[in-house]
Amino acid sequence: MPDSRPQPPPPPSSSPGPADPSSLLLCGARLTDGRTVDVRLGGGRIEAVGTAGSLGAGGTRACGARVDLSGYLLLPAPAEPHAHADTALSADTGGPVSYEPQDVQRRATEAALLQLGHGATALRAHVRVGDVQGLGALAAVLQARRALRGLAELTTVAMPRVLTGVAGADGLAMLRDAVKMGASVVGGRPDLDPDPAGYVEAVLEMASEHGCPVDLHTDAGDPARLARLAAMAGGLRPGVSLSPCGDLGRLPSEVASRTADQLAAAGVAVVCLPQGGCGGVDRRGAAPVRLLRTAGVRVAAGSGALRDVSNPVGRGDPLEAAFLLASRYGLSPEEAYDAVSSSARAVLGLPEVRVEAGFPAELLAVRGDRLAGVLSLGYSRIVVHQGRVVARTSAVREYCSSAASVELGLPRQGRGRCRRPAGCRGG
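Draft legend 1. Quick look at the overall build of the protein. For the protein, the count of helices and strands is 12 helices and 18 strands. Out of the 427 residues in the protein, the part that is buried amounts to 51%. Taking as baseline every contact in the protein between residues at least 6 positions apart, the subset at least 24 positions apart corresponds to 72%. On the protein, roughly 18,600 Å² of surface is accessible, and the fraction owed to carbon and sulfur atoms is 53%.

Printed below as a string of structure tokens:
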């Protein structure tokens with residue numbers, strides 16, 4: 001049977017030539033299959049993957065720059081499918097959240113950079129439109145998007161509060177204007193509208209008119225409502241996703257299974273929030289990820305609130321989301337990481353990433369040699385976006401000298417020499 005998976009374009013020619021200053025060689029990286037390799041990047045893509053030492057000087061092509069990834073595990077970069085840029089980092093303001101454009105832009109930019117440092121090179125930000133903020137918050141987040149170009153890809157979801165009845169006319173106009181401004185996804189919270197089914201229908205019509213994806217917030221506690229949504233959404237391209245769907249796991253098992261089958265048949269994806277919810281939705285638990293995956297639903301994982309009033313300690317770290325899926329919700333480390341990387345990218349409509357020639361150079365290197373260990377203690381990270389290093393995080397642990405560490409030859413995390421208090425040693 002032919003392979004139906006998306007195939008990468010043919011790798012660029014590897015004929016000898018002068019050094020390309022825009023190219024980058026990642027040296028000595030470990031892959032999840034246990035191989036240690038060199039990876040050459042150029043033109044925003046992976047040009048070649050070879051055994052360690054095979055792509056350096058004297059190989060087929062000289063490289064403009066090198067990064068030593070000895071001791072690092074190299075992975076496809078995560079993506080963030082569920083962020084709230086307009087309210088991020090607002091928990092400590094000590095008063096009402098400011099929606100002044102400069103405040104929103106600053107918070108959105110800082111939040112995106114924090115998440116980029118964790119490894120997320122692509123982010124989808126949900127932004128409320130209408131009510132007090134009008135279109136001002138969206139304009140500020142779009143300005144942050146422009147400022148972040150080259151560092152991370154930030155897309156926006158326009159989220160009006162009401163779309164039905166007399167009050168809904170303003171919401172529909174606001175949603176249409178938001179798309180014209182640059183919001184690339186339409187969505188919202190149908191559960192808050194007096195007519196949730198009407199809200200969903202209005203969003204789907206708008207998405208069909210403009211060719212936009214749909215991203216809706218719901219607790220998913222009403223199976224009849226979800227069945228209607230699946231019936232309306234079936235076949236819509238470029239796609240529909242729901243989040244966080246925490247109440248779906250509290251339905252009777254046969255009802256939840258039937259609902260999952262309906263979502264799978266309609267091609268509706270679910271984005272769970274294992275680190276906690278966000279404003280207006282339940283944060284007591286994540287969606288039943290194993291049930292959904294068994295039914296064939298594409299399940300991605302997002303961060304939700306990043307230090308706003310809904311979750312003042314939200315960290316926006318995709319590796320933490322994967323850790324929770326593996327430790328609390330029964331996924332294997334590989335399945336958990338897929339939820340924050342390959343599946344998250346698919347929900348965002350982004351091309352697949354593999355550490356193979358021809359694929360996009362969207363990569364995350366984390367100190368460690370196995371995926372399970374990386375999800376547990378992945379502190380030091382190097383982030384690659386469009387073929388260049390855009391963020392680094394270095395963690396050094398230090399211990400006071402002890403006979404045990406010397407005699408047993410315990411591993412050290414720190415590399416090279418560093419200044420430390422007398423009597424202490426790096427680790």
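Draft legend 2. Up close: the nonpolar core. Counting residues in hydrophobic clusters, the biggest one holds 80 residues, and the most contacted among them are Val186, Val214 and Leu292. Broken down by element, the residue count for this core peaks at seven residues, all from helix α4 (residues 196-210). Among residues more than four places away in sequence, those in contact with Val186 are Val157, Ala158, Leu175, Val179, Val203, Met206, Ala207, Cys212, Pro213, Val214 and Asp215. Judged by nonpolar contacts, the second largest core, of 19 residues, contains Ala29, Leu31, Leu69 and Leu363.

Draft legend 3. Up close: the packing of helix α1 (residues 101-118) against helix α2 (residues 136-147). Running from amino to carboxyl end, α1 crosses α2 at an angle of 45°, the nearest separation of the two axes being 8 Å. It follows from the interaxial angle that α1 and α2 lie oblique. Considering only the axes of α1 and α2, their crossing is right-handed. Contacts between α1 and α2 involve Pro101, Val104, Gln105, Ala108 and Thr109 from the former and Ala137, Ala140, Val141, Gln143 and Ala144 from the latter. Its residues assigned to classes, the contact of α1 with α2 shows seven nonpolar, three polar and no charged.

Draft legend 4. View of the pattern of salt bridges. The full count for this structure, using the stated rule, is 12 salt bridges. With its nearest N and O atoms 3.2 Å apart, the salt bridge here joins Arg225 to Asp191. You can see Arg225 sitting in helix α5 (residues 223-233) and its partner Asp191 sitting in the loop between β9 (185-188) and α4, a full 34 residues away along the chain. Salt-bridge contacts for Arg315 lead to Glu320; the nearest nitrogen and oxygen are separated by 2.5 Å. Each of Asp191, Asp222 and Arg225 takes part in one network of salt bridges that share partners.

Draft legend 5. Local environment of the environment of Ala305. Relative to the helices and strands, Ala305 resides in the loop between β13 (299-301) and α8 (318-327). For Ala305, a relative accessible area of 1% gives the class buried. With 218 residues separating them in the primary sequence, Ala305 and Thr87 have C-alpha atoms 8.1 Å apart. Setting aside residues no more than four positions away along its own chain, Ala305 makes contact with Gly277, Cys278, Ser310, Asn311 and Gly314.

Draft legend 6. Quick look at the environment of Phe359. Relative to the helices and strands, Phe359 is located in the loop between α10 (342-347) and β14 (363-367). It is 5.6 Å that separates the C-alpha atoms of Phe359 and Ile46, two residues lying 313 residues apart in sequence.

Draft legend 7. Structural view of the side chain of Ser243. Residue position: Ser243 is located in strand β11 (residues 240-244). A polar atom in the side chain of Ser243 sits 2.9 Å from the side chain of His82. Residues within four places of Ser243 in sequence aside, it is in contact with His82, Asp215, Leu216, His217, Thr218 and Val271.

Draft legend 8. Main features of helix α9 (residues 333-340). Among the residues of α9, those classed as buried are Ala336, Tyr337, Ala339 and Val340. Buried positions in α9, seen along its axis, are confined to an arc of 150° and lie on one side of it. On the buried face of α9, the contacting elements are β5 (72-76), β13, α8, α10, β14 and α11 (371-377).

Draft legend 9. View of the pairing of β9. Both faces of β9 are covered, namely the face carrying Val185 and Gly187 and the face carrying Val186 and Gly188. Relative to β9, strand β8 (residues 153-160) is paired through two bridges, and the arrangement is parallel. Bridging from a neighbouring strand, Val157 pairs with Val185 of β9. In the classification by handedness, the crossover that spans β8, the intervening helix α3 (residues 165-181) and the parallel β9 is right-handed. The pairing of β9 with strand β10 (residues 214-218) spans three bridges and is classified as parallel. Across the sheet, the residue bridging to Gly188 is Leu216, located in β10.

Draft legend 10. Main features of the side chain of Ser90. If you trace the backbone, Ser90 turns up in the loop between β6 (80-83) and α1. Sequence-distant contacts of Ser90, that is, excluding residues within four places in its chain, are made with Val97, Arg107, Arg307 and Asp308.

Draft legend 11. Looking closely at the state of the cysteines. Scanning all chains against the criterion turns up zero disulfides. The thiol of Cys245 is unpaired, and the distance to the nearest cysteine sulfur, on Cys272, comes to 9.2 Å.

Draft legend 12. Just unusual backbone geometry, in detail. Residues Arg237 and Pro238 are joined by a peptide bond in cis, for which omega reads 15°. Its identity is not glycine, yet Arg307 carries a phi of approximately 55°, on the positive side. Along the chain, Arg307 turns up in the loop between β13 and α8.

Cut-offs and rules
- Note that residues are indexed from 1 along each chain, following the sequence as it is written.
- With the structure being a predicted model, the display of local features is reserved for residues of pLDDT at least 70 and the display and counting of side-chain atom pairs for 80 or more, all residues being used for whole-chain, interface and lining totals.
- Water and hydrogen atoms were dropped before computing side-chain values, which therefore reflect all heavy atoms in the structure.
- Numbering goes from the N terminus for both helices and strands, where a helix is a DSSP run of H or I of at least four residues and a strand is a run of E of at least two.
- Only protein chains enter the accessibility calculation, which uses a 1.4 Å probe; a residue is then buried when its area is under 20% of its type maximum, exposed when over 50%, and partly exposed in between.
- Should any heavy atoms of two residues lie within 4.5 Å, those residues are considered in contact.
- Here the Shrake-Rupley method, with its probe set to 1.4 Å, supplies the accessible areas, and only the displayed protein chains count as covering residues.
- Residues enter a nonpolar core if they are buried and are Ala, Val, Leu, Ile, Met, Phe, Trp, Tyr or Cys, with the set joined through side-chain atoms within 4.5 Å.
- In this analysis, axes come from line fits to C-alpha atoms, helices being fitted only over the stretch in contact, and the angle between any two N-to-C directions falls in the range 0 to 180 degrees.
- By definition in this entry, angles of less than 35 degrees are roughly parallel, angles greater than 145 are roughly antiparallel, angles of 65 to 115 are roughly perpendicular, and the rest are oblique.
- Helix crossings get a hand from a simple test, with the near helix turned counterclockwise from the far one by less than a right angle marking a left-handed crossing and a clockwise turn marking a right-handed one.
- Throughout this entry, Asp, Glu, Lys and Arg are counted as charged residues, while Ala, Val, Leu, Ile, Met, Phe, Trp, Tyr, Cys and Pro are counted as nonpolar. The remaining residues, Gly among them, count as polar.
- Only one rule defines a salt bridge in this text: a Lys or Arg side-chain nitrogen within 4 Å of an Asp or Glu carboxyl oxygen.
- As used in this structure description, the phrase polar contact means that two N or O atoms lie within 3.5 Å; if the pair is within protein, one of them must be able to donate a hydrogen and the other to accept it, and residues adjacent in sequence are counted only when both atoms belong to side chains.
- The arc refers to the directions leading from the helix axis to the C-beta atoms.
- A pair of strands is treated as paired once DSSP finds two or more bridges between them.
- Note on handedness: a clockwise path from strand one over the helix to strand two, with the strands aimed away from the viewer, defines a right-handed crossover.
- In plain terms, two cysteine sulfur atoms within 2.5 Å form what is called a disulfide here.

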